[in-house]
Amino acid sequence: MERIYFDHNATTFLHPQVRLFLKEAEEKYFGNSSSIHWAGREARSFLNRAREKIASLLGAKESEILFNSGGSESINTALRGVAALRASNRRKILTTPIEHPAVLKTCEFLKSQGFALEFFSVDSQGRLDLHEARQKIDSETLLVSVMWANNELGNLNPIEQIGALCQAQGALFHCDAVQAAGKVPIDLQGLSLDLLSFSGHKFHGPKGVGALYVREGISISPLLWGGAQEKSLRAGTQDTLRIYGMALALEECLRTLSEDSQKVNSLRNQLEKGILDLSPSAKINGDRERRLPNTTNLLFPGIDGETLLMNLDLRGIAASAGSACESGSIDPSHVLLALGRSAQEAKSSVRFSLSKWNTTQEVERTLEVLSEILKEYA
Ligand code: PLP
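Residues numbered from 1 in each chain as written. Predicted model: local features only at pLDDT ≥ 70, side-chain atom pairs only at ≥ 80, totals over all residues. Heavy atoms only, no water.

**Q** Describe the overall build of the chain, with residues and values.
**A** Along the chain, the regular secondary structure elements total 13 helices and 12 strands. Its C-alpha atoms give the chain a radius of gyration of 21 Å, near enough to 21 Å, the size a compact globule of 378 residues would have. The principal-axis extents of the C-alpha atoms in the chain amount to approximately 65 × 55 × 35 Å. Across the 378 residues that make up the chain, the buried fraction comes to 57%. In the chain, of all internal contacts separated by at least 6 residues, the share reaching a separation of at least 24 is 73%. Accessible surface for the chain amounts to roughly 16200 Å². Of this, 51% is attributable to carbon and sulfur atoms. (Helix = DSSP H or I, 4+ residues; strand = E, 2+ residues; numbered from the N terminus. Rg over C-alpha atoms; globule rule 2.2 N^0.38 Å. Buried < 20%, exposed > 50% of the residue type's maximum accessible area, 1.4 Å probe, protein only. Contact = heavy atoms within 4.5 Å. Areas by Shrake-Rupley, 256 points an atom, 1.4 Å probe, with all protein chains shown as cover.)

**Q** Run through the site of the ligand, naming residues and quoting values.
**A** Close to the ligand lie 13 residues, the nearest being S72, D176, Q179, S199 and K202. In the model, an oxygen atom of the ligand is placed 2.5 Å from a nitrogen or oxygen of the S199 side chain. H201 is positioned with one of its side-chain polar atoms (N or O) 3.1 Å from an oxygen atom of the ligand. Considered on its own, the ligand offers 390 Å² of accessible surface; in the complex 90% of this is hidden by protein. The element contributing the most residues to the shell around the ligand is helix α3 (residues 71–85), with three residues. Looking at the shell around the ligand residue by residue, the class counts come to three nonpolar, eight polar and two charged. (Near = heavy atom within 4 Å. Polar contact = N/O pair within 3.5 Å; in protein donor to acceptor, adjacent residues only side chain to side chain. Nonpolar A, V, L, I, M, F, W, Y, C, P; charged D, E, K, R; others polar.)

**Q** Can you break down the nonpolar core residue by residue, with the values?
**A** Judged by nonpolar contacts, the single largest core of 61 residues is most densely connected at I137 and W148. In contact with I137, not counting residues within four places along its chain, are L94, F120, V144, I162, L165, C166, Q169 and A171. (Core = buried A, V, L, I, M, F, W, Y, C linked by side-chain atoms within 4.5 Å.)

**Q** I'd like a description of the sheet that holds strand β8 (residues 210–214), backed by residues and values.
**A** In spatial order, the strands read β2-β8-β7-β6-β5-β3-β4; together these seven strands make up an open sheet with mixed pairing. Unpaired on one side and paired on the other, β2 (65–68) and β4 (116–119) mark the two borders of the sheet. On average, adjacent strands in this sheet sit at an angle of 20 degrees to one another, irrespective of strand direction. Direction of pairing for strand β5 (residues 141–145) relative to strand β6 (residues 172–176): parallel, over a ladder of three bridges. Residue pairing in the sheet places S145 in a bridge with H174 of β6. (Pairing = 2+ DSSP bridges. Axes fitted to C-alpha atoms, helices over the stretch in contact; angles between N-to-C directions.)

**Q** Please provide a residue-by-residue account of the environment of R242, values included.
**A** Looking at where R242 falls in the secondary structure, it is placed in helix α8 (residues 240–255). Classification of R242 by relative accessible area gives partly exposed; the value is 22%. Separated by 36 residues in the primary sequence, R242 and P206 place their C-alpha atoms 6.0 Å from one another. Not counting chain neighbours up to four residues away, the residues in contact with R242 comprise L22, E26, P206, K207 and V209.

**Q** Requested: an account of the pairing of strand β7 (residues 195–199), with residues and values cited.
**A** With five of five residues buried, β7 lies mostly within the body of the structure. What you see with β7 is no split at all: L195, S197 and S199 on one side and L196 and F198 on the other are buried throughout. Note: β6 against β7, three bridges, orientation parallel. When the sheet's bridge partners are listed, H174 is paired in β7 with L195. In this structure, β7 lies alongside β8, joined through five bridges in antiparallel fashion.

**Q** Let's hear about the pattern of salt bridges: which residues, and what values?
**A** Here the idea is simple: oppositely charged side chains can pair when their charged atoms come close. Enumeration according to the criterion identifies 19 salt bridges in this entry. As a salt-bridge pair, K53 and E251 come within 3.0 Å of each other at their nearest N and O atoms. Here K53 is found in helix α2 (residues 38–58), whereas its partner E251 is found in helix α8, with 198 residues between them in sequence. Of the residues examined, K53 reaches a relative accessible area of 18% and is grouped as buried. Between E132 and K136 there is a salt bridge whose closest N-O contact spans 3.8 Å. In this pair, E132 and K136 are both assigned in helix α5 (residues 130–136), four residues apart and thus about one turn of the helix distant. Classification of K136 by relative accessible area gives partly exposed; the value is 22%. A single salt-bridge network, built from bridges that share partners, covers E26, D239 and R242. (Salt bridge = Lys/Arg side-chain N within 4 Å of Asp/Glu carboxyl O.)

**Q** Before we move on, can you summarise α3 with the specific residues and values?
**A** Here α3 spans 21 Å end to end across 15 residues, near enough to the 21 Å set by a 1.5 Å rise per residue. In terms of residue burial, α3 counts as a mostly covered element, since 11 of its 15 residues are buried. Every buried residue of α3 is listed here: G71, E73, S74, I75, N76, T77, A78, L79, G81, V82 and A83. Against β2, α4 (101–112), β5, β6, β7 and β8 lie the buried residues of α3. In the segment just after α3, R86 is the residue with positive phi, at about 45 degrees. (Expected span 1.5 Å × (residues − 1).)

**Q** Can you break down the sheet that holds strand β12 (residues 349–353) residue by residue, with the values?
**A** With antiparallel pairing, three strands are arranged side by side in an open sheet as β9-β10-β12. Strands with a single pairing partner mark the edges of an open sheet, and in this sheet they are β9 (283–284) and β12. Pairing between strand β10 (residues 295–299) and β12: five bridges, direction antiparallel. Bridging across to β12, T295 finds its partner in S353.

Quick look at the structure:
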């Protein structure tokens, strides 16, 4: 059976060049990058080159990049790291209701520690209101966390404007860029951003490695105490080869980003249009204008999303009902509920997330399969 993968926002396969690199490098290099001998020097050179690459790809300084185990750790370190220092007497933390649980649950934890947690509202397409943001971000605000791109909808947030509002009020700004890195250009030099999280496995890099950008001059407390790795901000022996693999993957994605974005955008549009033709009552969830080129989230009224996904899976097609961490759970998506969809509508929604490696034939095959499945409901 042909297998089709439309769940790239959950995770991606390794970029062929990263796979090749790891295959060859793992036979040769095993050193601990903190050791002073030849094996350590070899490991250190991968770590240094990875930091150099990532910093230059994102417009950051090498000293501003901290490696860790992925998006969740990065986000926890950023939010809890800022809060733990209590560098000012500001108590307000602001975020959106459509963040990933890594942000939402960390913010709830901080609330339990005495911080005042507030949410920006989102409209029925998941968009933020900048007028409201201007009012909410004030001199009491310690930290604002807004995601660059939403994992379920693909929505892109006005990061530049939020950064400027934070800067004007002296609030720190963290951005969860886990779904944006490798998919849209990120230039930290032109942005008022203090902390930014991303994760290798979302852009064809290895799983279990990620990074946190911490702007020079911003102090955070570590989450993990121990050795002096990562400027004593993240103890533990680094997985140097996978970290280098993540840097290679980011470099590869950004090298061909503009042509790949066009390709994936037209595949996504072909799929979306095909679905809307097959099922005229289907609706697109999220912002149709400002969104990632690879993502579509569709509501199929009257159809159970999980059953639809199971039927697709039986025919070899992988899609998703929401964020990867929640797949398998029957809870309706908190993101769709925040947009004002009912629990029933949220449970009737399915996300397709593509990559440049998908093909027109795969989209056509998926439309054929969907047409068969949808007939069963008619
Ligand atoms: N933030 C967003 C927007 C995500 O989509 C994810 C993963 O799905 C995460 C954070 C967590 O990243 P990781 O799986 O690397 O911990």
